[in-house]
Structures are given as structure tokens and as C-alpha cells.
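# Tertiary structure, described
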Amino acid sequence: MSSCAVALIPGFMLDETLWNEFQGYLPETWSVHTPSLNGGQTIREIAGRMAAALPPRFVLVGFSLGGYIARQLAADYPERVEALILIASSLREDTTQQMQSKQRAIEALSAHTFTGLSAGTIARSLHPDRASDTGLVSRIRKMGSRLGYEALVTQSALRRADVPAASLRCPTLVIASANDSLRSLEEADELVDAIPDASLQVFYDSGHMIPLEQPEKLAATVLRWLDIQCGG
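This section reports on the structure supplied with the text. Bear in mind the structure is a predicted one, so any value in this text is a computation, not a measurement. (Residues numbered from 1 in each chain as written. Predicted model: local features only at pLDDT ≥ 70, side-chain atom pairs only at ≥ 80, totals over all residues. Heavy atoms only, no water.)

This model, assessed by the stated rule, comprises 1 aromatic pair. The ring of Phe12 carries Lys102 above its face, with NZ or CZ at 5.0 Å from the centroid. The ring of Tyr68 has Arg160 sitting right over it, with the charged end atom 5.1 Å from the ring centre. (Phe/Tyr/Trp six-rings, centres within 6.5 Å; stacked < 30°, edge-to-face > 60°. Lys NZ or Arg CZ within 6 Å of the ring centre and 35° of its normal.)

Gaps between atoms show up when a probe of the same size as a water molecule is rolled over them. One pass over the structure, following the stated rule, counts 1 cavity of 30 Å³ or more. Roughly 40 Å³ of volume is contained in the largest cavity. As for the largest cavity, its lining consists of Ala88, Ser89, Val174, Ile175, Ala176, Ser177, Asp180, Arg183, Ser184, Ala188 and Leu191. Of all the secondary-structure elements, those providing two or more residues to the lining of the largest cavity are strand 5 (172–177) and helix 8 (185–194). In terms of residue count, strand 5 provides more of the lining of the largest cavity than any other element does, 4 residues in total. For the lining of the largest cavity, the residue count by class is 6 nonpolar, 3 polar and 2 charged. (1 Å grid on protein atoms, 1.4 Å probe; cavity = no way out; pocket = protein on both sides within 12 Å on 5 of 7 lines; lining within 4 Å. Points joined across faces, edges and corners; volume = space filled by probe spheres on them. Helix = DSSP H or I, 4+ residues; strand = E, 2+ residues; numbered from the N terminus. Nonpolar A, V, L, I, M, F, W, Y, C, P; charged D, E, K, R; others polar.)

The strand order across the open sheet built from 6 strands is 2-1-3-4-5-6, with neighbouring strands paired in parallel fashion. The strands lining the two open edges of the sheet, one partner per strand, are strand 2 (31–33) and strand 6 (199–203). Ignoring which end each strand starts from, the neighbouring axes of this sheet average 20° apart. Relative to strand 4 (residues 81–87), strand 3 (residues 58–63) runs parallel, the two sharing 6 bridges. Pairing of Phe63 across the sheet is with Ile87, part of strand 4. Taken strand by strand, helix 8 contacts strand 4, strand 5 and strand 6, and its axis lies near 175° from that of strand 5. Sheet strands touched by helix 10 (residues 215–230): strand 3, strand 4, strand 5 and strand 6. Its angle to strand 4, the strand with the most contacts, is close to 145°. (Pairing = 2+ DSSP bridges. Axes fitted to C-alpha atoms, helices over the stretch in contact; angles between N-to-C directions. Contact = heavy atoms within 4.5 Å.)

Below you can see the structure in the form of C-alpha cells.
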């Protein structure tokens, strides 16, 4: 694709800087948009706000929580989404245990004490070989700190149930990591099975944070797939 508009949606308590390296591997002729998760109390509200600011047609990339929002956006605005790429995402809603864990974290913090997700939580999202990379952990933590406590409250409360999958009709690629401790390959298979004609690509050298851990490989995978889908 010589020219393309692409929207990159980040994940839970991550901002647009998640995509900095990945963007560097995209063609210079592409128009890249990096909407934030702010501006809504539900996944559908966030998707609608994003759609209002995006161009008429675009390729949509969603990471983790951003994948849920991307699916909602693709379902609500099918005429605008050329192709959909879901990275380290899932069909599943939060378990009771996950919801309780998020609630405890919120109750233990405040706008004055929140400085980003804990180093331990972030380390668990990385490949074991990168879990002790203090620079990378710090970078991820600073994203959450910039977003702030109110974003933590809002994003933690987002209901992930009933986000469309079977009704999607655009070409869809699911990208997953075999070493993702937050999202299993079983969840990736569920996404592929639920979305008509979706394809799956598995990475073996990354944890959950694929855009940060393997940005060059991720970009190459996306470009190769789009080339096939969109005819070069």
C-alpha cells in the first residue's frame, strides 16, 4: 500500500507513545493517527469519539484493550474501516477476580498517590527476557502516570462484554504472542474463530507488549498482510 491512513489505538493505561517505534517502520507516505482512550465512559462511547476525529477511510489497529474498542468501531462504522488488526487482545470480559483486583488497586490509590502501574504488574506483561529491563518498565509506567488516576478509574470500569465480533466484515488479522502472560493463544484462537475469515499470526519472541518489544517485526507483519489484502 503506497498510501494509507492508519489509526493506532493503545491499550490499558498506555498512551500514543506506545506506537513511537512501530510508526518509524511504516511508510512515510502513510497518514498515522494515534487517538487516546480518553473521552468516554463506555467502549462504544470511546469508539464513537475516535470515529468523529478520524478520516473517512482507514486501517484500524488495536492493542489489547484497544482491540475491544477497535472491534466496536469497526462494527459501528463498517463503511470506514478498510482492514482491522487486533494485537494481544481477546473476546473475553474481565473475570470477577480481575475486576476485584482492579477495584482494590483503585481503592489503594488516589489522584495524589498514583504514579503509574506498579513495576511488578508491568514486568509481568513483558517477555521473561525483558522483565528486568528497568528502562522499558519505567517507560510504560510513565505512560500511566501521564494519563493519571481518573483514567485508571475510567478504564478499569469499562465493560468488555458484548463487543461485536461475528458481525465484522472487514479483513481482519489477529496477532498474538506465545509468551504473553496476560492473553493466551487460546484467546487469540477464540477471536479468529469468532470473526469471519480472520487470520492469525503468532510471535514467539515477545511478551504482551508487542508494539514495544517487537516494533520492527510487528510493522513488517502488518505491512505484509495489508499488501496481500489490499493488492499492494
